[in-house]
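Remarks on the overall topology
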Amino acid sequence: MLASFVDVGIWWLASVVLSVVAWPLTYRLFRFLPDRGLGFSRLVGWLFTGYAAYLMGFVANSRATSALAWLALALLSWTLYRGAQGEHRAFLKANSALVFFYEVCFFVLFFVWTFVRMKHPNIEGQEKFMDFAFFNSMQRSARMPPMDPWLAGATHYVNYYYFGYFLNAAFARMTFIGPDRAYNLAVSNDFALCGLAMLALGYNLTKSLWAGLVACAGLELFGNLHGALQVLGVDWNGGFNWWEPTRLIKDVWANGHYLNAWWWSASPSSLAKAGLGPGAVQDALISEFPAFSLLHGDLHPHVSSMPLALLVLALALNLARDPSESPLALGPGSGRRWEGWLALVLALGAVFMGNTWDLPAYGLCVSVALLGGLHAGGSLRSAGDLLRRWLLPSVLLVVGLLLVSAPFWAFFENPTHGFGMSGAHTGMRDTLVFWGLFLAVLVPYSIARVASLASPGAPVPGTPASRQPRMPARICPVCGTKLRAGKDRCGHCGTVWEAAAQGEPTVLQPPAWASACCLPFRDPAAVLARPALAAGTVAALALWTAALVLWPTVGIFGALAALSVLTLAARGGEREGVFTAALILTGSLAVLLTECVFLRDAFSGTPQLTRMNTVFKFYFQAWILFSAALPMALIWTLRRLLTWSRGAALAYAAVFAVLSIGALVYPVEAVAYVWDDFDQNAGMAPTLNGAAWLQRSDPGDFEAIQAMRKFPGQPVIAEAEGGAYTHFARVSAYTGFRAIVGWGNHESQWRPEGWPLKQQNDVDELYTTTDTARALQILDAYGVDYVFVGTLERRKYGAGVDKFARLLGPPVIDTLGTQVYRVVRPGQP
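These numbers come from a predicted model, not from an experiment.

1. Quick notes on the sheet that holds strand S6 (residues 738–739)
Ordered in space as S6-S5-S7-S9-S8, the 5 strands form an open sheet in which the pairing is mixed. A strand with exactly one partner marks an edge of an open sheet, and here the two such strands are S6 and strand S8 (813–815). Along the sheet, helix H29 (residues 699–708) makes contact with strand S5 (716–718), strand S7 (786–789), S8 and strand S9 (818–822), crossing S8 at roughly 150°.

Next up, the structure:
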């Protein structure tokens, strides 16, 4: 255990160094945020060094290229630091408490989750073999793009969203920590990076650290409410099942069509009504959320890309707070706005390479935040302004991110086949169980926000003078700090406010149509005096009621999206409010999309699996976006309710507290479950060593793999072929070497050519044939360098493996019943 804690210290110290080195660059990029990007410094350094090492990797991929990337960041930051003339030190000194709080939070998150991993460390089960194979291949590949460890071939590169694996591998090799422990530390690092980033997002939105902690909890601690229902025994007959909340939504297919019930398609009554038994329901759709994914420990793209997504959101918030009329103007005189554009391009390109599914959601959020900020600031006075200040920059962002990610997509073959229309609908029960906590905060917030926007600046009936809306604060155009009332000089950077040049902020009235749409929420009685508005209101209510009855998820999230659009159109208050509306709108659209369309992938031919990946990826994105919106929505609504009724505010807070406790049931029970499972079945002390299970269960294979790791390069190996989610392909997974074939069904999901049946048959023939000429032919066809004969090979192929001693000579590794044979070709020593 001591060795594990030493590794924790080394990893943490390396992250501190990276954060410090990246700070001057971060400070310059996030000049419109209150914390100047302090909470995102690690992310900036992580992305900058990782992307630089990735580009250099097309020439040579090694620890030296990662070191050069760190050196390049250090030189850039030193240049910025010297040019700032002490500004960085002054900021850190003035905000020393925030610096300390951020660093303590990161360390606590990293340390706590590392201890969680130490009691759930095994790199086996589910898709950890796949993740570990990619993680090791990123370090083994001589050049980029990385070679596929599960399909040997001269041009068989990893055809997957692999950039998150590369970022973690590039950082890990700078720590000199072995892969068996670095994998688990990478999971903990993602947990801590995301937690600190969400905390900083919440703080920059609200200037409240408590609100930031709520955002962090929403992302990483809260589960959906099914965990609480299990404990309470509601609709659940067994004990606590940590898996079930992530398979909550089920599409029931019978008699050639989907069985869609308004309340719950998989309920016993719905099944009985259709003449079906419980067996008609399959555990098919994936509805994961971050607390499960991080505990589960698969280093999958949706997890390793989370920090990148949060960096995009931070840059989008910085963009929304930019007080200039053209935040992304790239023409002459645009100055530092080039930097903001480049940072967004790099972050969005990284998201594209890290988890392509994420790009539409986070790219749309950036564009909506830009549009909302421009509209709120009155910068869109004509169609030309709309084109020049919003549409053109949005298009240039797309062009830029494609250029940044060109080294990735130039070697990537799309395995999907477009979109299809979904006939499956999610019932009200599943929607409320999964999204109940967020809806309890975001729906009241959205309604109250719209109700406050009918005529900005006008007195609110029944509101004390001290609580009346105020003129927007003046924002320093250089650092983004709010100027104190009556002061014309920024107390942070010293910039003098020039009213003529900057334009004094005014309270902008909403467009007439937006005011009319807001009026029913603000003053329902006034609607009766306007027949056209009354008729429109009745029609909208009727349409919404019909949607709620016929298609409940669309009714709920369609209304939430509509309220967010109305907030943006009506110039929704301060810039933070505009950004929050963009988050809610984008998250709602992600949920709505799963009710209408699905991506045609390898599973689309099976009705129960048709929208499995679509629900999985888009629900995960929506959870992140709603978590980011949570602190602003909670704080703003509470303050609003306090101006109306203290009792209403207390009731609202009580509902949130109860639902939060319900959401916390899952992580508490789930962590206890996996720890108990480890204690009962592993029989080991807590450890970060993800290979400890293999050392205990199969010491011969373990020792052989450890010896093979000392081989140079990324040779091709032959090992037994078997089913997915088993221990087959363990050698390629643990070494990063290239197997003839690994898990065939996974390759069929990654590649448009489908299942590699020929490779599977050739591996089986290699191990079973008694024809030595045919065996040598197969070895030569795939360029095999080593043949592995271990426990699984002997179990599957029996006496067929004995021929390799006669065919290839003495093994180069022979330990505890496991042999590794080298294939020597003419001209080789």
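2. Looking at the environment of Gln-282
Note on placement: Gln-282 falls in the loop between helix H11 (268–273) and helix H12 (290–296). Under the relative-accessibility criterion, Gln-282 is labelled partly exposed at 37%. Spatially, the C-alpha atoms of Gln-282 and Val-44 are 42 Å apart, while their sequence positions differ by 238 residues. Ignoring any residue separated from it by four or fewer positions in sequence, one finds Gln-282 in contact with Lys-250 and Gln-608.

3. A word on empty space enclosed by the protein
One pass over the structure, following the stated rule, counts 6 cavities of 30 Å³ or more. Estimates place the volume of the second largest cavity at around 60 Å³. Lining the second largest cavity we find Trp-46, Thr-49, Gly-50, Ala-53, Ser-66, Ala-69, Trp-70, Leu-167, Ala-170, Phe-171 and Met-174. Those elements that place two or more of their residues in the lining of the second largest cavity are helix H2 (41–56), helix H3 (63–83) and helix H7 (163–175). A breakdown of the residues in the lining of the second largest cavity according to their chemical character gives 8 nonpolar, 3 polar and no charged.

4. Brief notes about the nonpolar core
One finds Phe-40, Phe-163, Leu-313 and Trp-435 to be the most contacted residues of the largest nonpolar core, which totals 215 residues. No other element matches helix H26 (residues 612–644), which puts 19 residues into this core. Apart from the residues within four sequence positions on either side, Leu-313 is in contact with Leu-201, Tyr-362, Cys-365, Phe-579, Leu-583, Ile-624, Leu-625 and Ala-628. Counting 26 residues, the second-largest nonpolar core is a separate cluster that includes Leu-151, Leu-766, Tyr-782 and Leu-792.

5. Some words on the pairing of S9
Most of S9 is tucked away: 4 of the 5 residues are buried. Bridging between S7 and S9 involves 4 bridges; their strand directions are antiparallel. Within S9, the position partnered with Val-789 by the bridge is Gln-819. As consecutive antiparallel partners, S8 and S9 are separated by 2 residues, and within that stretch Leu-816 has a phi angle of approximately 50°, a positive value.

6. What about the environment of Arg-696?
By the secondary structure assignment, Arg-696 is in helix H28 (residues 692–697). Each C-alpha atom, one on Arg-696 and one on Gly-817, is 15 Å from the other, the two residues being 121 residues apart in sequence. In this structure, Arg-696 is in contact with Ala-682, Gly-683 and Met-684, ignoring residues within four places of it in sequence.

7. Some points on the side chain of Ser-732
Among the secondary structure elements, Ser-732 is positioned in helix H30 (residues 730–735). With sequence-adjacent residues up to four places away left out, Ser-732 is seen in contact with Ala-133, Pro-149, Trp-150, Ile-717, Glu-719, Phe-737 and Ala-739.

8. Thoughts on the packing of aromatic side chains
Under the definition given, this model contains 69 aromatic pairs. Looking at Arg-42, its charged tip hangs above the ring of Phe-106, at a distance of 3.7 Å from the centre.

9. Some words on the layout of surface pockets
Approximately 790 Å³ is the volume found for the second largest pocket. Around the second largest pocket, the lining is made up of 25 residues, and of these Phe-521, Ala-540, Trp-544, Ala-562 and Leu-563 lie nearest the centre. Going through the elements one at a time, helix H19 (428–451), helix H21 (512–522), helix H23 (531–550) and helix H24 (552–569) are the ones with two or more residues in the lining of the second largest pocket. Residues of the lining of the second largest pocket, tallied by class, amount to 21 nonpolar, 4 polar and no charged.

10. Considerations on a nonpolar patch on the surface
Together, Phe-100, Val-104, Phe-107, Val-108, Phe-111 and Val-112 make up an exposed nonpolar region whose accessible area comes to about 510 Å². In this structure, Val-108 sits in helix H5 (residues 96–118).

11. Examining unusual backbone geometry
A cis amide bond, omega -5°, links Met-144 with the succeeding residue Pro-145. When you line up the elements, Pro-145 lands in the loop between helix H6 (128–140) and H7. Notably, Gln-126 is not glycine yet its phi reads approximately 50°, a positive angle. Even without being glycine, Lys-207 reaches a positive phi, approximately 60°. What makes Lys-207 exposed here is its relative accessible area of 52%.

12. Focus on the packing of H23 against H24
Running from N to C, H23 and H24 point in directions that differ by 140°, and their axes come no closer than 5 Å. Taken together, H23 and H24 sit at an angle that is classed as oblique. Together, Trp-544, Ala-547, Leu-548, Val-549 and Leu-550 of H23 and Pro-552, Gly-555, Ile-556 and Ala-559 of H24 make up the contact between the two elements. Looking at the contact of H23 with H24, its residues break down into 8 nonpolar, 1 polar and no charged.

13. Notes on the confidence of the model for the chain
Residue-level pLDDT values for the chain average 87, and 92% of them are 70 or greater. Note that pLDDT drops below 50 for residues 456–472; the model gives that stretch 29 contacts with residues more than four away or on any other chain. Counted against residues more than four places away or in other chains, residues 497–507, with its pLDDT under 50, gives 22 contacts.

14. With respect to the pattern of salt bridges
Tallying each qualifying case throughout the model produces 24 salt bridges. Across the salt bridge formed by Asp-385 and Arg-389, the nearest N and O atoms sit 3.8 Å from each other. Residue Asp-385 and its partner Arg-389 are located together in helix H17 (residues 383–404), separated by 4 residues, close to a single helical turn. Arg-389 carries the same exposure label as Asp-385, and that label is buried. A salt bridge links Glu-721 to Lys-796; the shortest N-O distance between them is 3.4 Å. Residue Glu-721 is found in the loop between S5 and H30, and its partner Lys-796 is found in helix H34 (residues 791–797); the two are separated by 75 residues along the sequence. Look at Glu-721 and you get buried, because its relative accessible area is 8%. Here Lys-796 falls in the partly exposed class, since its relative accessible area comes to 37%.

Criteria and cut-off values
- Residues numbered from 1 in each chain as written.
- Predicted model: local features only at pLDDT ≥ 70, side-chain atom pairs only at ≥ 80, totals over all residues.
- Heavy atoms only, no water.
- Pairing = 2+ DSSP bridges.
- Helix = DSSP H or I, 4+ residues; strand = E, 2+ residues; numbered from the N terminus.
- Contact = heavy atoms within 4.5 Å.
- Axes fitted to C-alpha atoms, helices over the stretch in contact; angles between N-to-C directions.
- Buried < 20%, exposed > 50% of the residue type's maximum accessible area, 1.4 Å probe, protein only.
- 1 Å grid on protein atoms, 1.4 Å probe; cavity = no way out; pocket = protein on both sides within 12 Å on 5 of 7 lines; lining within 4 Å.
- Points joined across faces, edges and corners; volume = space filled by probe spheres on them.
- Nonpolar A, V, L, I, M, F, W, Y, C, P; charged D, E, K, R; others polar.
- Core = buried A, V, L, I, M, F, W, Y, C linked by side-chain atoms within 4.5 Å.
- Phe/Tyr/Trp six-rings, centres within 6.5 Å; stacked < 30°, edge-to-face > 60°.
- Lys NZ or Arg CZ within 6 Å of the ring centre and 35° of its normal.
- Patch = residues over 30% accessible without salt bridge, like charges linked within 9 Å, V, L, I, M, F, W, Y side chains within 5 Å.
- Areas by Shrake-Rupley, 256 points an atom, 1.4 Å probe, with all protein chains shown as cover.
- Salt bridge = Lys/Arg side-chain N within 4 Å of Asp/Glu carboxyl O.
- Parallel < 35°, antiparallel > 145°, perpendicular 65-115°, else oblique.
- pLDDT = per-residue confidence, 0-100.

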